[in-house]
Amino acid sequence: MYWKLRIPLLLCSFGIISGFVQIFHHLFFVNIPYLINSVIFIGLIVIIFTLLEKTRVNEKKVHFSLGAAIILFGITFDYLMV
């Protein structure tokens, strides 16, 4: 069973960006309101997802187990960066 990379890369990018924001919070969130913090986080996700769409990386098909491994990597990265 094959799967397009769109969903696994989106979920992985959520995990990676969330991990980096947790580690480098002093770079991202310096005395700014919570709403702007959320906009920055979502903006980073949108930028990454747009780059992946423009380069057509999301259209590639991979095996289901590799897609699950990519998602698991994103979740693990987020969990370990606490």
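What you see is a predicted model; the values in this text were computed from it and never measured.

**Some thoughts on the side chain of Asn58**
Here is step 1 of the chain: Residue placement: Asn58 occurs in the loop between α3 (34–54) and β2 (61–63).
Here is step 2 of the chain: Beyond its immediate chain neighbours, meaning those up to four positions away, Asn58 contacts Lys4, Leu5, Arg6, Leu9, Phe49, Leu52 and Glu53.

**Description of the packing of aromatic side chains**
Here is step 1 of the chain: Counting across every chain of the model gives four aromatic pairs.
Here is step 2 of the chain: On the numbers, 6.3 Å between centres and 20 degrees between planes, the contact of Phe20 with Phe24 is stacked.
Here is step 3 of the chain: Phe20 sits in the partly exposed class, given a relative accessible area of 37%.
Here is step 4 of the chain: Ring geometry for Phe20 versus Phe77: centroids 5.2 Å apart, planes at 70 degrees, classification edge-to-face. A residue pair is termed long-range when its members are at least 10 positions apart, and Phe20 in helix α1 (residues 6–23) and Phe77 in helix α4 (residues 64–80) qualify at 57 residues.
Here is step 5 of the chain: By relative accessible area, which is 16% here, Phe77 ends up buried.
Here is step 6 of the chain: Of the aromatic side chains, those joined through ring pairs into one cluster are Phe20, Phe24, Phe73 and Phe77.

Reading guide: rules and limits
Residues numbered from 1 in each chain as written. Predicted model: local features only at pLDDT ≥ 70, side-chain atom pairs only at ≥ 80, totals over all residues. Heavy atoms only, no water. Helix = DSSP H or I, 4+ residues; strand = E, 2+ residues; numbered from the N terminus. Contact = heavy atoms within 4.5 Å. Phe/Tyr/Trp six-rings, centres within 6.5 Å; stacked < 30°, edge-to-face > 60°. Buried < 20%, exposed > 50% of the residue type's maximum accessible area, 1.4 Å probe, protein only.

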